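One letter stands for each residue in the lines below.
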Amino acid sequence: MKKILVIGGGAMGSAFTVPCLDNGNSVTITEPYSKRFIKNLSSKNKFHSALKINLPKKLKFKIFSNVLFNEKFDLIVIALSLSGIDFIGKELKKYKIKTPILVLTKGLKYEKKSKKIFTISEKLKKDYKLKNISILKGPCLAKELARKNQTNVIIANRNIDIAKEIGKIISTKYYLTEFSNDIVGIEVCSAIKNIYAMIIGAGQSFNASSNLFQKSVIEMKYLTKFFKGKDETILGLAGVGDLFVSAAGGRNSKMGSYLGKGFTFKTAKKKFMPNDTVEGEQLAREIAPFILKKVNKNKVPMMINLLRTIINNKKLKIKV
Ligand SMILES: NC(=O)c1ccc[n+]([C@@H]2O[C@H](COP(=O)([O-])OP(=O)(O)OC[C@H]3O[C@@H](n4cnc5c(N)ncnc54)[C@H](O)[C@@H]3O)[C@@H](O)[C@H]2O)c1
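Residues numbered from 1 in each chain as written. Predicted model: local features only at pLDDT ≥ 70, side-chain atom pairs only at ≥ 80, totals over all residues. Heavy atoms only, no water.

Student: What am I meant to see in the overall build of the protein chain here?
Tutor: For the protein chain, the helix and strand inventory stands at 14 helices and 12 strands. Computed over its C-alpha atoms, the radius of gyration of the protein chain comes to 19 Å, within 12% of the 20 Å expected for a compact globule of 320 residues. Projected onto its principal axes, the C-alpha coordinates of the protein chain cover approximately 55 × 35 × 35 Å. Counting over 320 residues, the protein chain shows a buried share of 55%. Looking at the protein chain alone, contacts between residues at least 24 apart form 67% of all its contacts between residues at least 6 apart. Side chains of the protein chain give 60 positive and 23 negative charges; the mean places of these two sets differ by 6 Å. (Helix = DSSP H or I, 4+ residues; strand = E, 2+ residues; numbered from the N terminus. Rg over C-alpha atoms; globule rule 2.2 N^0.38 Å. Buried < 20%, exposed > 50% of the residue type's maximum accessible area, 1.4 Å probe, protein only. Contact = heavy atoms within 4.5 Å. Lys, Arg positive; Asp, Glu negative; His and termini not counted. Charge placed at Lys NZ, Arg CZ, Asp CG, Glu CD.)

Student: Would you explain the pairing of strand β9 (residues 116-119) in this entry?
Tutor: Along any regular strand the residues' side chains alternate between the sheet's two faces. Here strand β8 (residues 108-111) pairs with β9 via four bridges, running antiparallel. Within β9, the residue paired with Glu-111 across the bridge is Lys-116. Turn length for the β8-β9 hairpin, with the two strands adjacent in sequence and antiparallel, is four residues, and the turn residue Lys-115 shows positive phi of about 55 degrees. (Pairing = 2+ DSSP bridges.)

Student: What is the right way to read the site of the ligand from this model?
Tutor: Of all residues adjacent to the ligand, which total 21 residues, the nearest are Ala-11, Met-12, Glu-31, Ala-142 and Glu-279. Within the backbone of Ala-11, one N or O atom sits 2.9 Å away from an oxygen atom of the ligand. Between the ligand and Ser-83, the relevant distance is 3.4 Å, taken from a nitrogen atom to a side-chain nitrogen or oxygen of the residue. In isolation the ligand exposes 820 Å². Once the protein is present, 86% of that is buried. The residue makeup of the shell around the ligand, split by class, is 10 nonpolar, eight polar and three charged. (Near = heavy atom within 4 Å. Polar contact = N/O pair within 3.5 Å; in protein donor to acceptor, adjacent residues only side chain to side chain. Areas by Shrake-Rupley, 256 points an atom, 1.4 Å probe, with all protein chains shown as cover. Nonpolar A, V, L, I, M, F, W, Y, C, P; charged D, E, K, R; others polar.)

Student: Could you clarify how one ought to interpret the sheet that holds strand β5 (residues 60-61) in this entry?
Tutor: Across the sheet, eight strands lie side by side as β5-β2-β1-β6-β7-β10-β11-β12; this open sheet has mixed pairing. The sheet terminates laterally at β5 and β12 (175-180), the two strands that pair on one side only. Summarising the sheet, strand β10 (residues 133-137) and strand β11 (residues 151-156) pair through three bridges and their orientation is antiparallel. What sits directly across from Leu-136, in β11, is Ile-155. Sitting on the sheet, helix α6 (residues 160-170) is in contact with β1 (3-7), β6 (75-78), β7 (101-103), β10, β11 and β12, with an inclination near 175 degrees to β12. In this fold helix α10 (residues 237-248) packs onto β10, β11 and β12, with an angle of close to 150 degrees to the strand it touches most, β11. (Axes fitted to C-alpha atoms, helices over the stretch in contact; angles between N-to-C directions.)

Student: Would you mind going over the environment of Ser-42 with me for this structure?
Tutor: With respect to the helices, strands and loops of the structure, Ser-42 is situated in helix α2 (residues 35-42). For the pair formed by Ser-42 and Lys-62, sequence separation is 20 residues and the distance between their alpha carbons is 8.2 Å.

Student: Is there a simple way to explain the pattern of salt bridges in this structure?
Tutor: Any two side chains of opposite charge can pair if their charged atoms end up close together. Taken as a whole and judged by the stated rule, the model has 14 salt bridges. For Lys-126, the salt bridge is made with Glu-111, and the minimal N-O distance between the two is 2.6 Å. Taken as a pair, Lys-126 in helix α4 (residues 120-128) and Glu-111 in strand β8 lie far apart in primary sequence, 15 residues in all. Among the residues examined, Lys-126 registers a relative accessible area of 32% and is labelled partly exposed. Among the ionic contacts, a cluster of salt bridges with common partners joins Glu-111, Lys-123, Lys-126 and Asp-127. (Salt bridge = Lys/Arg side-chain N within 4 Å of Asp/Glu carboxyl O.)

Student: Is there a simple way to think about the domain arrangement of the protein chain in this case?
Tutor: Much of the literature gives interface size as the accessible area that the parts lose upon coming together. Partitioning the protein chain into domains gives domain 1 (3-181) and domain 2 (184-311). Spacing between the C-alpha centres of domain 1 and domain 2 amounts to 24 Å. Taken together, the contact pairs 24 residues of domain 1 with 22 residues of domain 2. Buried surface at the junction of domain 1 and domain 2, both sides included, amounts to about 2,000 Å², of which 67% is carbon and sulfur. Where domain 1 packs against domain 2, one counts one salt bridge. A salt bridge links Lys-106 to Asp-242, with the nearest nitrogen and oxygen atoms 2.9 Å apart. For the pair domain 1 and domain 2, the number of links is six residue pairs in polar contact (both at pLDDT 80 or more). (Domains from an automatic or database assignment. Buried area = accessible area lost by both parts, 1.4 Å probe.)

Student: Sorry, what's going on with the packing of helix α3 (residues 85-94) against α4 here?
Tutor: Any two packed helices are characterised by how steeply their axes cross, that is the angle between the axes, and by the distance between the axes. Following both chains from N to C, one finds α3 and α4 inclined at 40 degrees, their axes separated by 10 Å at the closest point. In terms of axis orientation, α3 runs oblique to α4. Judged by the twist between their axes, the crossing of α3 over α4 is right-handed. For the pair α3 and α4, the contacting residues are Ile-85, Asp-86, Gly-89, Lys-90 and Lys-93 in the first and Ile-120, Lys-123, Leu-124, Asp-127 and Tyr-128 in the second. (Parallel < 35°, antiparallel > 145°, perpendicular 65-115°, else oblique. Left-handed = near helix turned anticlockwise from the far one by under 90°.)

Next up, the structure:
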């Protein structure tokens, strides 16, 4: 039995506690940001408003504070949105945390000063001096995981034995783990697939979407290699696996469907998805300054098109 702390009581952080508990671990969850999730997790029946289920009784909830880090954990899991990464980096640095870290968050960070793009694990290592970081990505929908439907994910660490150790701690017969040492490739794929899910969502028929799907894979391959990820990662769970799930259903492909119908991003957001976070949009804004300047536009025409559509709030012009 290991002691696991999950930071982030949103859909994914909360769902992730389910296999961890089923595998016999002692699991504590904390929520540093959202009043709604704090209310959910501290309530008697632990009903989670995003997952629409009661979380297991064995799950412990603790307020996010310095007292929390007096306790010794074997694994700290970060399940915040991309916008919470700098916050948690600062906090963990402040408390001089040496515990192994597992990052579930998907996304990339653009650093204005150096004009470079960093993966989340690179950022946590570089800016907040955190060590021993592994990542977990792949085609896993929080709602399905919380209901114990079978999901396959991939854990990466430069030292693959550490990834395998984490796999032993968290996997169950419905939460199956693969392993890799291609951290960069997996982080890049799992981030940019949100943008390609929007593009595929813009196809107005299955035929059009399948065409956009195969073109997306070609662009993802180029970008993953551009950032020095491995070829095999694109065809794996964090690449086409996750792209399939995100394109088949989810907030990014839903937004894409409105863009495909000729709405601008702002209109579609206001009219149809006012309370939804569209991660692909957040990532588009984050990486646009780099991609539009540094990447060969002929190699990733759909990505360039989508970035301009969002940044300039124009209609999407993708040839299907
Ligand atoms: N939902 C899924 O199926 C799923 C699956 C795999 C990975 N993920 C990844 O997990 C991450 C979280 O996704 P989610 O679905 O749980 O989202 P969510 O919106 O349900 O939860 C977001 C979490 O981030 C926190 N947060 C948001 N803004 C913050 C800020 N500025 N500072 C600090 N904390 C902040 C929230 O309080 C909450 O804990 C995302 O990066 C997502 O890509 C999600």
